[in-house]
Amino acid sequence: MTSPSSHATDAKLAVTGVTGNLGGRVARRLAAAGTPQTMVVRDLDRAPRLPGATAVRGGFGERDALLRALDGVDRVLMVSASETPDRLQQHRTFVDAAAEAGVAHLVYISFYGAAPDATFTLARDHWATEQHIRASGLAFTFLRDNLYADFTPALVGDDNVIRGPGGQGRTAVVAQDDIAEAATAVLLHAPEHAGATYDLTGPQSLTLAEIAAILSQATGRAITYHPETVAEAYRSRASYGAPDWQVDAWVSTYTAIAEGELDGVSDAIPRLTGHPATPLSDVVRTFGAGSA
């Protein structure tokens, strides 16, 4: 696959989530490639200042604002909204607005193993969003990301232990930079990817004990993994005072690993970006796992 910068496009592109880690990476790549873009944001003051980029206001649940923001847009990257109880309804509002505004192609950042009966509770919302996009009549591409490699340091507690009911299951954690590069390539060449679903993974499927060992090497700390029971996981997270749906999501991330639902390595990152997927050891070295 050729690099995103080697091809221009006359299509009008829009990107959501630009104030976050993933959408911001895509927006910066488009700007570096000299590709004009519309950045759809809830708060104009938080929008990055990038060459060739225009920020327009439009929250995911704000139909009228989205119709204005997406007017004339040919292709849009829809980075899933922040985790809230009404996220699925926000997604539906955004998709409906994109269809009504005449968007031709929607690229959606979904989740690995999205299914109506997925163990990870939020993967069910991603599946429902995918179904709504299919029903909308929009051309689409789904990018189903595995767990973010960049966030693995945050799994480590103050006692240098990763605790969760993940058993001996595996997860093919994927670098956000790789996802962003793949998403940029798909957005720039969207017609080539119409109707496709890509599983975006890292180059290895790792147990949580193996992830702990990689983080240990990167940080110089003795990080270990303690496989909790599900009951222990709920008890250990009770002190955070989070709502039940949020705790369910946290715990089911681990139980999905235990069930094997995040296992498996895909070749989508190499095919879409032209380079191998980035190993976890490189990601945590680059982004400073020592700060976790």
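Just above, that's the structure.
Residues numbered from 1 in each chain as written. Predicted model: local features only at pLDDT ≥ 70, side-chain atom pairs only at ≥ 80, totals over all residues. Heavy atoms only, no water.

Draft legend 1. How the structure looks around the overall build of the protein. A tally of regular secondary structure across the protein gives 10 helices and 11 strands. Taken over the C-alpha trace, the protein has a radius of gyration of 19 Å; the compact-globule value for 292 residues is 19 Å, and the two agree within 12%. A buried classification covers 51% of the 292 residues belonging to the protein. Pairs at least 24 apart in sequence give 75% of the contacts found in the protein among residues at least 6 apart. Of the roughly 12500 Å² that the protein leaves accessible, carbon and sulfur atoms contribute 49%. Taking the average place of the 23 positive charges on the side chains of the protein and the average place of its 33 negative ones, the gap between the two points comes to 3 Å. (Helix = DSSP H or I, 4+ residues; strand = E, 2+ residues; numbered from the N terminus. Rg over C-alpha atoms; globule rule 2.2 N^0.38 Å. Buried < 20%, exposed > 50% of the residue type's maximum accessible area, 1.4 Å probe, protein only. Contact = heavy atoms within 4.5 Å. Areas by Shrake-Rupley, 256 points an atom, 1.4 Å probe, with all protein chains shown as cover. Lys, Arg positive; Asp, Glu negative; His and termini not counted. Charge placed at Lys NZ, Arg CZ, Asp CG, Glu CD.)

Draft legend 2. The packing of aromatic side chains, seen in detail. Inspection of every chain in the model, using the stated rule, returns 6 aromatic pairs. The interplanar angle of 85° and the centroid separation of 6.4 Å between the aromatic rings of Tyr108 and Phe142 together place this pair among those described as edge-to-face. Placement of Tyr108 in strand E5 (residues 105-111) and of Phe142 in strand E6 (residues 139-145) is noted, with a sequence separation of 34 residues between them. Residue Phe142 is classed as buried on the basis of its relative accessible area of 0%. Here Tyr240 and Trp250 contribute two aromatic rings whose centre-to-centre distance is 5.7 Å and whose plane-to-plane angle is 80°, an arrangement assigned as edge-to-face. Placement of the pair is Tyr240 in the loop between helix H7 (230-237) and helix H8 (244-258) and Trp250 in helix H8, with a sequence separation of 10 residues. (Phe/Tyr/Trp six-rings, centres within 6.5 Å; stacked < 30°, edge-to-face > 60°.)

Draft legend 3. Spotlight on the pattern of salt bridges. With the rule as written, the count across this model stands at 12 salt bridges. Salt-bridge contacts for Glu228 lead to Arg237; the nearest nitrogen and oxygen are separated by 2.9 Å. The two residues Glu228 and Arg237 agree in class, both being buried. (Salt bridge = Lys/Arg side-chain N within 4 Å of Asp/Glu carboxyl O.)

Draft legend 4. Summary view of the environment of Ala194. Along the polypeptide, Ala194 turns up in the loop between helix H5 (176-188) and strand E9 (197-200). Of the residues examined, Ala194 reaches a relative accessible area of 47% and is grouped as partly exposed. Those residues in contact with Ala194, other than ones at most four positions away along the chain, are His105, Phe140 and Thr141.

Draft legend 5. Broad picture of the side chain of Glu181. Locating Glu181 in the fold gives a position in helix H5. For the buried Glu181, which has no salt bridge, the nearest side chain bearing the opposite charge is Arg29, at an N-O separation of 4.8 Å. Residues contacting Glu181, with those up to four places away along its chain left out, are Arg29, Thr273 and His275.

Draft legend 6. Region of interest: unusual backbone geometry. Of note, the phi angle at Asn160 is positive, near 65°, even though the residue is not glycine. Here Asn160 shows up in the loop between E6 and strand E7 (161-164).

Draft legend 7. Quick look at the sheet that holds E6. Here 7 strands make up an open sheet; going across it, the order is E3-E2-E1-E4-E5-E6-E9 and the pairing parallel. The open sheet has two edge strands, strand E3 (53-57) and E9, and neither has a second partner. If you compare each strand with its neighbour and ignore which way they point, the axes differ by 20° on average. In terms of strand pairing, E6 meets E9 through 4 bridges, oriented parallel. Along E9, the bridge assignment pairs Leu143 with Tyr198. With respect to the sheet, helix H4 (residues 121-136) is in contact with strand E4 (75-79), E5, E6 and E9, its orientation differing from that of E5 by roughly 165°. Running over the sheet, H5 touches strand E1 (13-16), E4, E5, E6 and E9 and is turned about 155° from E4. (Pairing = 2+ DSSP bridges. Axes fitted to C-alpha atoms, helices over the stretch in contact; angles between N-to-C directions.)

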